[in-house]
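Residue strings, one per chain:
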Amino acid sequence: HEQNHKRYQVLGHLITQYVYELLERVCMLQKVYIPTDATADEPRSFFFMSENALTSSSSLIVLLQDRGVFRAGQWGQRTIVSEGLEHGTQIPFIKMALQSHGGVIVLNPNDNFVDLKTEKERLSFSTGEESLTSTQSAPKRGSSSPEEHTMYVWDHFISKSAAKNVAFIAHGYGGLVFVDLLVQRKWEVINKVYSVAFIDSMHNTQHQTRSDPQIQEWIQKYCREWVSNRKPLDKAVGSLVKVNCPIVSAGTEKYGLAPSCCIHAIFKYLKSTLKAK
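The following refers to the structure shown. Just so it is clear, the model here is predicted, and its values are computed rather than measured.

### Re the sheet that holds strand S8 (residues 193–199)
Here is step 1 of the chain: A sheet is described by the order of its strands in space; here 8 strands give the open sequence S1-S2-S4-S3-S7-S8-S9-S10, paired in mixed fashion. Every interior strand has two partners, whereas the edge strands, strand S1 (30–34) and strand S10 (247–249), have only one. Adjacent strand axes in the sheet meet at a mean angle of 20° when their direction is disregarded.
Here is step 2 of the chain: Where S8 lies against strand S9 (residues 223–227), 4 bridges are found, and the strand directions are parallel. Paired with Val-196 across the bridge in S9 is Cys-223.
Here is step 3 of the chain: Lying on the sheet, helix H4 (residues 91–100) is in contact with strand S3 (60–64), strand S4 (103–106) and strand S7 (166–171); it crosses S4 at an angle near 155°.

As C-alpha cells, then:
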C-alpha cells in the first residue's frame, strides 16, 4: 500500500509537469510568476495566461479549479488517470476559450506551499524512516490559499486587464473561491464579470454573502450551475435554496466527468450571456 501510494504521488507529479508543458507548448500560454515583487530567493507561485489576455479588449475567460493535489490545467488528477487528458484537464476548455473569446487565464489555486525537502528526495522510492516524517513546507506569499491566490491574480492582473467582459468557469471549491472574491471585491467584480459558470460548486450563497441582497441578486442573474445528476444535460435540477442561481444537469452522475460533459453547454451559455450584455 505504502509503495502504491508513493507510485501514485510520483505519477501525480509527472502528470503535473506534463500538463504544465502542454499549456505552454500546445495552448501557447505564458507562465506568469507571482508575487510580482518576489525577491530572488523567495518561493513563488505562478499561473498561466494567453499572450494577449491583458491587452486585448475582447472578452477574457478565467478557469478556477477544485481544491486538491492537482495544479493549473487540471480539473482532477483521478479523472486524468482513469479517463485521460481530454476529460481530466482544462485543455479542451482553453482551446475553446481561445477560439471563441480571445483571452484566457488559468489559475493555479492549489500551489500554496513550497516543499523544503528536495525534489530528488520526494521522488525517491525509499520507504525509510525519513520518508514517513512530515515534510516541512513554507507558504507562498500571495498564494497561501486558493482564496488568496485568486484575489492576488484579480488585483494585479484581471482587474487591470483591457477586457471589459470577464467570465469565470469554476469547479467544486473554485465556486466558493469565486464567491469569496465577489464578496471581497464586490463592485470591481460586478462591473467586470458578465457571467459565471459553476460546475458542482461548493459555494453557499446565503452563508458567504451574509445576506447582501445586491450580491444575491447578481448571482441569480449572472450565474448558472451545472451539477452531476442523472437528468439529461441542461435539464433543470430543483434547488431548495431560493437565493441561488439556476441549476441544471451536467449530463453525468460522475463528479470527475462533469466539466468535460458540459463544456459545450457552458460555452453556449457564455456566448448567449455576452450577446445579451
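### So, the pattern of salt bridges
Here is step 1 of the chain: Across all of its chains, the model carries 7 salt bridges by this definition.
Here is step 2 of the chain: Taking the shortest distance from any N to any O, the salt bridge between Asp-111 and Lys-140 comes out at 3.0 Å. Here Asp-111, found in the loop between S4 and strand S5 (113–115), pairs with Lys-140, found in the loop between strand S6 (137–139) and helix H7 (146–156); they are 29 residues apart in sequence, far enough to count as distant.
Here is step 3 of the chain: The exposure class assigned to Lys-140 is buried, which follows from its relative accessible area of 8%.
Here is step 4 of the chain: When the shortest N-O distance is used, the salt bridge between Lys-186 and Asp-212 registers 2.9 Å. With a gap of 26 residues between them, Lys-186 in helix H9 (residues 186–192) and Asp-212 in the loop between helix H10 (205–209) and helix H11 (213–222) connect regions that are remote in the sequence.
Here is step 5 of the chain: Overall, Lys-186 belongs to the buried group, its relative accessible area being 14%.
Here is step 6 of the chain: You can call Asp-212 buried: its relative accessible area is 18%.
Here is step 7 of the chain: Among the ionic contacts, a cluster of salt bridges with common partners joins Asp-37, Glu-42 and Arg-141.

### Structural notes on the packing of aromatic side chains
Each aromatic ring pair is characterised by the separation of its centres together with the angle its planes make.
Here is step 1 of the chain: Going through the model one piece at a time under the given rule, you end up with 13 aromatic pairs.
Here is step 2 of the chain: Here Phe-46 and Phe-48 contribute two aromatic rings whose centre-to-centre distance is 5.7 Å and whose plane-to-plane angle is 90°, an arrangement assigned as edge-to-face.
Here is step 3 of the chain: Aromatic rings pair up to connect Trp-154, Phe-168, Phe-178, Phe-198, Trp-218 and Tyr-222 into one cluster.
Here is step 4 of the chain: Across the ring face of Tyr-20, the terminal group of Lys-31 is positioned such that the distance to the ring centre comes to 5.8 Å.
Here is step 5 of the chain: Directly above the ring of Phe-46 sits Lys-31, whose terminal nitrogen or CZ lies 4.3 Å from the centroid.

### Quick word on the layout of surface pockets
Taking a probe equal in size to a water molecule and rolling it over the atoms shows the remaining empty space.
Here is step 1 of the chain: Each pocket or cavity is described by its volume, and for the second largest pocket that value is around 350 Å³.
Here is step 2 of the chain: As for the second largest pocket, its lining consists of 17 residues, and the residues nearest its centre are Phe-70, Gly-76, Gln-77, Arg-78 and Thr-79.
Here is step 3 of the chain: Broken down by element, the residue count for the lining of the second largest pocket peaks at 5 residues, all from helix H2 (residues 77–83).
Here is step 4 of the chain: Residue classes in the lining of the second largest pocket are distributed as 6 nonpolar, 7 polar and 4 charged.

### Considering the packing of helix H8 (residues 173–184) against H11
Here is step 1 of the chain: Closest axis-to-axis distance for the H8/H11 pair is 11 Å, and the angle between their directions is 135°. The angle between H8 and H11 places the two elements in the oblique class. At the point where H8 passes H11, the crossing takes the right-handed sense. Of the residues in H11, those in contact with Phe-178, Val-179, Leu-182 and Val-183 of H8 are Ile-215, Trp-218 and Ile-219.
Here is step 2 of the chain: A class-by-class count of the residues in the contact of H8 with H11 yields 7 nonpolar, no polar and no charged.

Conventions adopted
- Residue positions within a chain follow its written sequence, with the count starting from 1.
- Note on the predicted model: pLDDT of at least 70 is required for a residue's local features to be given, and 80 or more for side-chain atom pairs to be given and counted; whole-chain, interface and lining totals, by contrast, use all residues.
- Remark: hydrogens and water are excluded; side-chain values derive from all non-hydrogen atoms of the structure.
- Following DSSP output, two strands are said to pair if at least two bridges run between them.
- In this description a helix means any DSSP run of H or I spanning at least four residues, a strand means any run of E spanning at least two, and both kinds are numbered starting from the N terminus.
- Note on definitions: angles span 0 to 180 degrees between N-to-C directions of axes, and those axes are lines fitted to C-alpha atoms, for helices only across the stretch in contact.
- Any two residues whose heavy atoms approach within 4.5 Å are treated as being in contact.
- A pair is scored as a salt bridge if a Lys or Arg side-chain nitrogen falls within 4 Å of a carboxyl oxygen belonging to Asp or Glu.
- Exposure is judged per residue with a 1.4 Å probe applied to protein chains only, and the accessible area is read against the type maximum: over 50% gives exposed, under 20% gives buried, and values in between give partly exposed.
- Paired rings are identified among Phe, Tyr and Trp, the last through its six-membered ring, by centres lying within 6.5 Å, and are further divided according to the angle between planes into stacked (under 30 degrees), edge-to-face (over 60) and tilted (the rest).
- Any Lys NZ or Arg CZ that is within 6 Å of a ring centre and within 35 degrees of that ring's normal is treated as a charge sitting over the ring.
- A cavity here means a set of 1 Å grid points, computed over protein atoms only, where a 1.4 Å probe fits but cannot escape. A pocket is an open set with protein on both sides within 12 Å along at least 5 of 7 lines, and lining residues have an atom within 4 Å of a point.
- Grid points are joined across faces, edges and corners, and a volume is the space filled by probe spheres set on the points.
- In this classification, the charged set is Asp, Glu, Lys and Arg, the nonpolar set is Ala, Val, Leu, Ile, Met, Phe, Trp, Tyr, Cys and Pro, and all remaining amino acids, among them Gly, are polar.
- These descriptions rest on fixed angle ranges, namely under 35 degrees for roughly parallel, over 145 for roughly antiparallel, 65 to 115 for roughly perpendicular, and the rest for oblique.
- Each helix crossing is assigned a hand: it is left-handed if the near helix lies turned anticlockwise from the far helix by less than a right angle, otherwise right-handed if that turn is clockwise.

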